[in-house]
Structures are given as C-alpha cells and as structure tokens.
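Survey of secondary and tertiary structure
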Amino acid sequence: MAESTVIPEDLKPLAPPAELRRAPVVENNRRLGALTDQLSQFAEGKIPRWWWILFIPAAFCATVLLPVALVYQVSAGVGVWGNNHPVMWGLDIVSFIWWVGVAHAGTLISALLFLTRQHWRTTIGRAAEAMTVFSVMMAGLYPAIHVGRAWFDWFMFPIPNSNGLWPQFRSPLMWDVFAVNTYLVVSMLFWFMGMIPDLAVLRDRATTRPRKFILSLAAMGWTGSARHWHHYEKAYVVLCGLCTLLVFTVSSIVGLDFCTSQLAGWHATIFPLYFVIGAVFCGFGMILVILIPLRKWLRLENVITLSHMDKVAKLALVSGLIIAYIYSMEFFIAWYSNDPYERWVFGHRLFGHTYWFLGWILIGVNVGVTQLLWFKKIRANMKALFVIGLLINLGMFTERFVIVVGSLYQDFLPANWGVYLPTRWDVALYAGSLGAFFMLYLLFIKFLPFIAISEVKGATPQGNPHHPLGGAKGGRS
Amino acid sequence: MGSHNEKSHLPPPLDLSRWSRLPAVLMIAGGVAALVGAGVSPKEFGLSWLLSFLFYLSLALGALFLVMVHHLTDAGWSVGIRRFCEHLASLLFPWLALLFVPVLLLAPQIYHWLTLPPTDELIRARWPVFTRAGFAVVSGLFFAVWWLLSSRLRYWSLRQDVTGDALCTHRMRFHSGWGIVAYAATLTGASVLWMQSVQYQFFSAIYGVYFFSGCAWIALATVYVIAVLLQRQRILAGLLKENYFYFIGVLFFAFTIFSAYNEFAQYFVVWNANMPEETFWYLIRENRSWWCLSLILIFGKFFLPFFVMLPVKVKTSLKVMVPVCLWAWLMQFADLAYNVLPAMPQYHFPLASLWIPFACLAFMGGFLSWVFLRQFRSHPPYPQKDPRLLEAMGISLPEEENPPATAPIHGGRS
Amino acid sequence: MSKKPYGILAEFETPAALLSAAEKVRDAGYSRWDVFTPFPIHGMDRVMGLKNSLVGWVSLMMGAGAFVSVVGLIWFANAFDYPLLVGGKPMFSVPMTFVPAYIMMIMGAAVGALIGMFAFNELPRFHHPLFAGRRFELVSRDRFVLLIGSTDPKFSPTATRQLLESLGGAHIETIED
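Now for a quick tour of the structure. (Residues numbered from 1 in each chain as written. Chains lettered and ligands numbered in written order. Predicted model: local features only at pLDDT ≥ 70, side-chain atom pairs only at ≥ 80, totals over all residues. Heavy atoms only, no water.)

**Details of the overall build of chain B**
- Within chain B, the regular secondary structure consists of 16 helices and 0 strands.
- Here the C-alpha radius of gyration of chain B, 23 Å, is about what a compact globule of 414 residues would show, namely 22 Å.
- Taking the principal axes of the C-alpha coordinates as reference, chain B spans close to 75 × 55 × 40 Å.
- Here chain B holds 414 residues, and the buried ones make up 58% of them.
- Partitioning the contacts of chain B with sequence separation of at least 6, the portion at a separation of at least 24 is 84%. (Helix = DSSP H or I, 4+ residues; strand = E, 2+ residues; numbered from the N terminus. Rg over C-alpha atoms; globule rule 2.2 N^0.38 Å. Buried < 20%, exposed > 50% of the residue type's maximum accessible area, 1.4 Å probe, protein only. Contact = heavy atoms within 4.5 Å.)

In structure tokens:
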C-alpha cells in the first residue's frame, strides 16, 4: 500500500514517536533467501526429539484409543455414553461444537485478516488454516456417530434411492450436515490453494528424488508466473470472502440447532451470533496454545513475533468481550421477557443444583480471566498467554456443556428432570479426537510448509518494489 | 492504485456555497410542518419524532463507534476521516439530547406501557426501569456516557493538534477501551428502551446488535459521502487517496451483510420456533401494507446494495457508491420505521401521514447539519499531528528507523 | 527432441529492478513475455496490462448454480416427490430452503474459484520447459526472472538477448522447448 518511503522534509516532524512505531512483519530484516531457508528448514531437517515426545502419545490416542472407542460405541450403541432421557445430547455434541469452534478462529485469522489487509496475518495464517482443517475433521466425526446407527449415515445425503428416502430439509440438524461438509471442503481447498506456491518452494529445494517427485505432484506445476499469480490472487480473495461468510454461517447453523427449538435457555435470537463468537473466541485460545510453544521450538520468534502474539491476544480479548456481552444479554432477556422458564434456567445456571459450579467456571474464565488481556504486560508474557489460552478452551468447553446439558436436564416438566454424567467412553472419544488432531497437526508442521513462505516474503520490505530494500531508487514513486 | 495520476483525475473543486442555506431552509420548513403534524395527531407526531431521532442517533452512534475502533485497532488509514467522525459523534450531546426532550415529554403518547397500571404483570417484572422516572433516569444515563465518551475523545484529539504528543493517543486509546464496553451496554439499552419497547411485549436478544449494525452501516454510508465531498472540495484531497474509499466501501459492504445477517437471524429464529409471545411482532409486519415494507427492506436494504457492491472495483467508483450511500439513508430510515411505526393503532403502513416523519427528519437534519458544519469549520479538518498521519498519506517509514529487533536470529544463511 | 527455443530468461535481484525491466520490455514492443517471482509483485499487473481476472465470475456462476439446484432439490424432495408434514411447517417455503441453499452456494462458489484458478492457469501441469532452466529453481526462493517468449513477433535470439543484457539482467539463458 505504501507508495512512497522517503519522508519529505516538511513532514519530518509528523513521524510517530518511537513508542508508536509500527512493528515490522518479520524482525531482523533478513534477505529473502535467508528467510526462505529459515522458513523451510523445519520441513526439511531432522525430526527433533520434542516432536517425537508429542507425537507418540498423540498417535496412541489417535490410532488405538479412538478406534477402540469408536468400534465399541458403534457396535454396542449410544447407550455406552451417558446420554439418556432427558439429556439426549451429551459430551458428543459438546465436543462437536467445541471442535467447530476451534476451527473458526483459523478461518477468521486467515480470511478476514486478509480481506482487511493485515500483513502480519501472513505469518500465522497457514498454522491457523491447518488448525481449521483438522478440527473440522474431528467435529464431523461426532454427529456421524451420534446418530447411533452410523451405517445409515448416507440417509443424511440427498442420494436418490429405491426406498424413495429423502433428507428432511426443514430440520436444522440436516443443515448441519451440509454446513460441516461444506466447511470441511472449503477450508481444505483454501488451505491447499494457499499452500501451492509454498509446495513449489519445497519442491525447488528438494534434494532427493522421491521428495522431488512427491512435491512436484503436490505443487501442481506452479511456476510463479505473473499471470498465474494474477488469477491466484483473485481466487484467493474470493475464497477469503467465502471463508469469512462460512465463519458466520457454520456456527450460526450449529446455533440454529438449538435456538429454533422452544426450549428455555436455547431459544434466543442471539444464538447464531453467540455460537459464532464463542467459536472464534475458543479458536483464538487454541491458536495461542499451539503457536506459543511452536514459535519457540521451531525458532520462529522473528517471524511469529511478540507483536503478532499481542494482536492475537487482543483478538481473543475482543471476542471474549463480545461473549461477555452475549452472556449478559441472555440474563437480561430472561429478566426482560418475564418468561418463567427462562428465568428458571438462568437462575439455575449460577444458583441451581448439580451444575451450578460450571456456571461460575464459565463466567470466571470467559468473562473474568479474559480481562487480564487488557494489560500489555500479560499480552507480552508468553507463559501467561499460554495458560490463558488453555483456560479459554476449558471455559468454552464448559460453556457448551452448560448450554447443552444445562437446558436439557430440567425442562418444562419436573417429572422429566434428570442428571447427566459422561461415561469413560465419552471421555475416551474426546481424548481420541484430541490425539488425532494433534497427530495430524504434528505431521503437518513436519512435512508441509507451516508458514506461508511466499506470503511472508511478499509482506517484507525486501519484497516491496516501492521500498528501498526492495530495490526502489527512492523519492516519491 | 491510481495515485500516480490521481491529481489529474480530480474534477475542478466543488463549490457548495449555493447549498449553504439548505440547513436553515430544512430547519424552518421541517419545523413548521412538524408543528402542524403535532397539532393534527400528537401520537403519530410522537412516533415520527422518535423515528427521526433514532435515525440521527444511529448515525451519531455509528460515528462514535468508528472513532473508537480507529483507536482500538491502531488504524493508520482512517486518520483522515476521524475528525469529522468525532464531530458527528459529538452531536450526541448536547444536541441529540436536546432533540430527545420531546420524546421524554411525549413518552406516554409513544410508549403504551407508560399508560398501563403498575399492576400489569410485565410492567411489574420490569420494575424499576419501566416507570416514568426509571425511563428518564436511564435515558439520562445513556446520554451521560455518550457525552463523556464523545467529548473526551474529541478533547484529546483536538489537543493533539496543538501538542502532537503521544500521550494524547494513549488517552484516546484508554477512553476507547472502557468506552467500547460502555458503548455496547448503552447502545443496547437505548435500542431496547427507546425502540423495541414501542411494542413492549416483544423481546429479542439480538436486538441491540441489530440496531448497532444499522448504526455502523449508516455511519459508513455518511462517512463515504462526506469523504467524497471533502475530497472534491480539495479539503482532504492530499490525504484521501483511493484506498480510503476502498476501505470505507469494504466496511460498508461488510456491514450490509452483517445487518442482513442480524435481521435474518432474528426473523428466522422467531419464525422457526413460532412462539406466540414473539411471532406477533412479525405477524403484524407480514400483513397488510407492512408486507410491502418488509419486501422493500429485504431487497432494498440487502440484495440491491449487496449485488451492486459485490465487484471489488465498485468500492472506489464514486459514481456508483454515492447513490448507494444515499439509498442507504432511505433504507436505514425505512428499517427504523419498520420497527417503530407498527406501534400505531392503525395496522397498516401510514402512507397518508408519512409527511410527519419526513418533516421531523428534515427539521432535525437541518438542525444537526448546521451544528455539524459549524463545528467542522471551527476546527482543523483532519488531525494535524496524529502519529499515523504520514501512514495515512501513504508514506511509510524507512526500515532503518524502525525499532531494533527483539527476537534472536536462528537458522538460515544470512 | 527439437531444439526450438522456448524463450530467453534473465534474472534480477530485486522486485524493483524486475518491475522497471518489465516496463522497458513492454515499451520495447514485446507482447509475449512473462515474469516469474517468488510472490506477486505489487504493480506488475498494471505493467503487464492484465485485465481483471475472470475467476470471480466462474465462482459466482458456480455459486448461483449451486444455490438454484439446492432450492430445486429441496422442493423436489420435500414438497413434490415425498411430501411429509413435519412440525406444522409448510412443505416448501423460502426461509426453510435458504440456509441449506446458501451453504451449498458457498461450496459451489469455492469449488468454482479453485477450478477457475486452475483452468485459467492451465494447471496442473507437471512438466514445463522452464523447469529445465539451470537457475529457475531459485525463482521460488529469491530471484525475479523475466522471460521473453520465442513466439513473440519481435523475438530474435540476438536482439532480445541484448535487450535483456542492457536492462541489467543476469544469468541470461535460452530455454529450449
């Protein structure tokens, strides 16, 4: 955007004081070649020990625990979970919403920040997109088995068949099928398309023949021609716009699963937005948890800088504040509407029995702890941010539990009340999906370009043809 | 971007002196017509006055939001439009508060619940806000917050014009920080208490967000038009480059979608759950002539601007965008009317007495634009010494002057 | 293998050098030339005179097609082929179809954007004459390369090479088809 870089003499006094200078996208001001070396060296180098230490337990969860939990649940039926009347939606749906949520921040960072021309997003965009892809995969797992007879899952798709069966399109649960599948496909397309130029980087650097062959296939024959970039950039903008819409749509549809019902605590017009923001908030927590160790272990402190982490923390704060607003709107509407059931449900969120403490965890973490992010010192302290990121994830998991179970366990008829407790199979499934997520993520950082190499280079002054470091002669261009 | 030959593209400076009497004319004509309306039908006048008040309130609140977001996001590009946004936001107090006095006086005409006995169940449940005193006190609170916010933000901004101090930027950020929280609370409260409660039985959790999206939407449309005028008058020509219009246009486009999203969410959730305590609100609006207004809003407030602004390049095309922005004013007014006017006893769109809201609109518009122009003229047109001013002009700092790196160097060959 | 030249490559150190060289190549009257860069160069589209990409339109068409098809499908499935009354809702109504049709519109538009990008770029292709270039692999790293194609009417093995030399291009290389 910057058209000129030399400040005319008369405007010199207007230069910002040191404390208000912009932080550079990439620190240390290295040449493009050195930057390429740095950004691709992890995918090419030896596997470090910390990777194995994380990978082995994750792979155990993914390849042993998860299949066992799935096979047992599918063969024995959903009865192995704690779900029972009146709480028919338990930890499976809670985890589903949580995973969809984790996915959202990735899309938002990557797509929305691109549309708003935030150059710093280039450094963390890819990491965030991968988080999206893998967590949507995990999310999709839950509804598929929650139906009970997983072998009838194809009923949910409009496949012409001899029984004349069609999906029932008036049900929000059907929309979920389309929403989650679309989200999976589109986020994978977006992720893959963004990776093509970087796969070409790795291809061109490959030293062994098999590596060269595989990467050549993956890079689709990318040459870096200006004409290619031209269409590529257009497609990228379009995909970013679509992904931004998706962020709002997918979680809204998940929210519609709840709010189109008449159940107290679920039926609120703000629910679609609530789920969107909750998703994004939770995802920012996950981004913090993933990026803070990785930037250290992958030695990317000059690329994923403190200033970028500061911005992610601010985004988490913003979404946390909106969440706090929505919580207060829920309580306000319960009061304002004078609906006895609403008042009952929201009173019991904090002062009821069985689950009251979850309500306080929810408020304490999502509203309380988040306020720490107002302070610059906390945002600059990576350990604190990591802990806050973990707490946000815990808080948002609790929130979904409170929404799902908190409204179901006491409905309109006291005779219908009951209590829900997850069983070990609920927990095993969740642990298995966590393991699968981290396994996929570790494989991704090791074998694929974890940082958008081309985009980062394009965002440096060395890549700007109007900047002296990019070779510009100076003066107003 | 076309900054190279932008200068030559600019048509000759715009001369607006012919229009200088417009605010006074609007004020007098609108004021007289509004008075006649007040005589003819006090109730309709009350609702019309409220409607026009809400229209300008949404504009001023939207401008306040833009100012705060500028500080909170440490934005660079929006320095040029900030000053007149501050003036727009400063209309909140005392000028809009002044215009609120008739609403307060006519409250029993406008708000049916004020005439209900205090034994009414819903009124009792909403005690103490839903009393005459509660209404006045809470309304006063809203204006107090807005006054504090808009005046502090403008005070430090004007002070920076003199001192150029970084402290001013920090103060403005501080005020925006607590301000955005207070803003969300007061805006929601105002939308519920002043607008939603004309049909007091209705409740909707997204109502505040919905009103807010309209505020930001209409403020962006207004900012676009004012920016075009200032550029054509050569007042901000050096500062307002093409990317300004692109950014405002994109935000305007985004809020077109966001406000449609909110309206759709509210409608859809109510439609699908089909609960009588909510659906009555939409049943009124789905029948008789209100149905036409619903359709006008669906197509005029969303589909038309959406498809017109969909191509990227349109956002910088003033010939397309200025009419869209003017259309947005009409649509925002129609949208507020959709919320307020069905509270009238006759259950159809008051086409015959439509002149009353427009008279109020003209009067307030004239009055507020007169105030705005006076304030704009008595202060520098843009923040003179803002630390982001150079960036807004498209001049970036040479890399050597950037602060030293804090991160260690790893890997690679330098 | 034929020994017909594909074009001549010249390498530049910085994006600015490439941009000014590209301007001069264009001013010299060449029409079939291209640049290869590690990332898109701001302002290159204008120098090359590239029109607005049609990818957006492909995406829009695919999205619109998906939207209409899903509305049709829902009408066919729930209102025509097997009407079933559920929850007292109408068999077919606009609010009901909107959400699934909309989400599938996004799917269609996204697939359209990717297909459009690949189609206009003639990708995937796994062989390209330029991959034979000795230093072409450096393009994805930090080199900025300009190619003048042999199909250009003004192309001449010697004059074109001299032009590129005069523009300051390094490692000038003739690529064979």
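**Digging into the pattern of salt bridges**
- In this structure the tally under the stated criterion is 30 salt bridges over all chains.
- The closest approach of N and O atoms between Glu-391 of chain B and Arg-22 of chain A, which form a salt bridge, is 2.8 Å. You can see Glu-391 of chain B sitting in helix α16 (residues 389-392) and its partner Arg-22 of chain A sitting in the segment before α1 (32-44), one on each of two chains.
- Here Glu-391 of chain B falls in the partly exposed class, since its relative accessible area comes to 35%.
- Of the residues examined, Arg-22 of chain A reaches a relative accessible area of 30% and is grouped as partly exposed.
- Between Lys-314 of chain A and Asp-310 of chain A there is a salt bridge, and its shortest N-O distance comes to 3.3 Å. Of the two residues, Lys-314 of chain A and Asp-310 of chain A both sit in helix α9 (residues 306-337), 4 residues apart, roughly one turn of that helix.
- In this structure Asp-310 of chain A comes out as buried when scored by relative accessible area, which is 13%.
- A cluster of three or more residues bridged by salt bridges with shared partners is formed by Asp-37, Glu-44 and Arg-205 of chain A together with Glu-11, Glu-13, Arg-135, Arg-141, Asp-142 and Arg-143 of chain C. (Salt bridge = Lys/Arg side-chain N within 4 Å of Asp/Glu carboxyl O.)

**Describing helix α11 (residues 356-368) of chain A**
All names here are of chain A.
- Compared with the 18 Å implied by 1.5 Å per residue over 13 residues, the 17 Å span of α11 between its first and last C-alpha is a close match.
- By the burial criterion, the buried members of α11 are Leu-358, Gly-359, Leu-362, Val-365 and Asn-366. Taken down its axis, α11 places every buried residue within 150 degrees of arc, on the same side. (Expected span 1.5 Å × (residues − 1). Arc of directions from axis to C-beta.)

**Description of the packing of aromatic side chains**
- Across all of its chains, the model carries 112 aromatic pairs over all chains by this definition.
- Measuring from centroid to centroid gives 4.6 Å for Phe-258 of chain A and Trp-266 of chain A, while their planes differ by 80 degrees, and the two rings are edge-to-face.
- Looking at Trp-266 of chain A, the relative accessible area reads 6%, which means it is buried.
- The side chain of Arg-126 of chain B reaches across the aromatic face of Tyr-336 of chain A, ending 3.6 Å from its centre.
- Lying over the aromatic face of Tyr-155 of chain B, Arg-152 of chain B brings its terminal NZ or CZ to 4.6 Å of the ring centre. (Phe/Tyr/Trp six-rings, centres within 6.5 Å; stacked < 30°, edge-to-face > 60°. Lys NZ or Arg CZ within 6 Å of the ring centre and 35° of its normal.)

**Some thoughts on the pairing of strand β1 (residues 5-12) of chain C**
All names here are of chain C.
- Counted residue by residue, β1 has 6 buried out of 8 residues, so it is predominantly covered.
- Pairing of β1 with strand β4 (residues 170-176) involves 5 bridges; the strand directions are antiparallel. What sits directly across from Pro-5, in β4, is Glu-176.
- Pairing between β1 and strand β3 (residues 144-149): 6 bridges, direction antiparallel. In the strand pairing of β3, Ile-8 is matched with Ile-148. (Pairing = 2+ DSSP bridges.)

**Focus on the interface of chain A and chain C**
- Taken together, the 68 residues of chain A in the interface contact 68 residues of chain C.
- Put simply, chain A and chain C have 3 salt bridges between them.
- The salt bridge partner of Asp-34 of chain C is Arg-227 of chain A, with a shortest N-O separation of 3.6 Å.
- In this assembly, chain A and chain C are joined by 25 residue pairs in polar contact (both at pLDDT 80 or more).
- Contributing elements (two or more residues each) for the side of chain A that touches chain C: α1, α5 (172-205), α6 (209-218), α7 (226-259) and α15 (453-458) of chain A.
- No other element matches the 19 residues that α7 of chain A contributes to the side of chain A that touches chain C. (Polar contact = N/O pair within 3.5 Å; in protein donor to acceptor, adjacent residues only side chain to side chain.)

**Here we look at the layout of surface pockets**
Residue and element names in this part refer to chain B.
- If you add up the space inside the second largest pocket, you get close to 1,300 Å³.
- Along the walls of the second largest pocket sit 34 residues, with Leu-22, Leu-229, Trp-329, Ser-369 and Leu-373 positioned nearest its centre.
- Of all the secondary-structure elements, those providing two or more residues to the lining of the second largest pocket are α2 (22-40), α3 (42-72), α10 (207-232), α14 (318-340) and α15 (355-377).
- The leading source of residues in the lining of the second largest pocket is α15, at 10 residues.
- Its residues placed into classes, the lining of the second largest pocket shows 28 nonpolar, 5 polar and 1 charged. (1 Å grid on protein atoms, 1.4 Å probe; cavity = no way out; pocket = protein on both sides within 12 Å on 5 of 7 lines; lining within 4 Å. Points joined across faces, edges and corners; volume = space filled by probe spheres on them. Nonpolar A, V, L, I, M, F, W, Y, C, P; charged D, E, K, R; others polar.)

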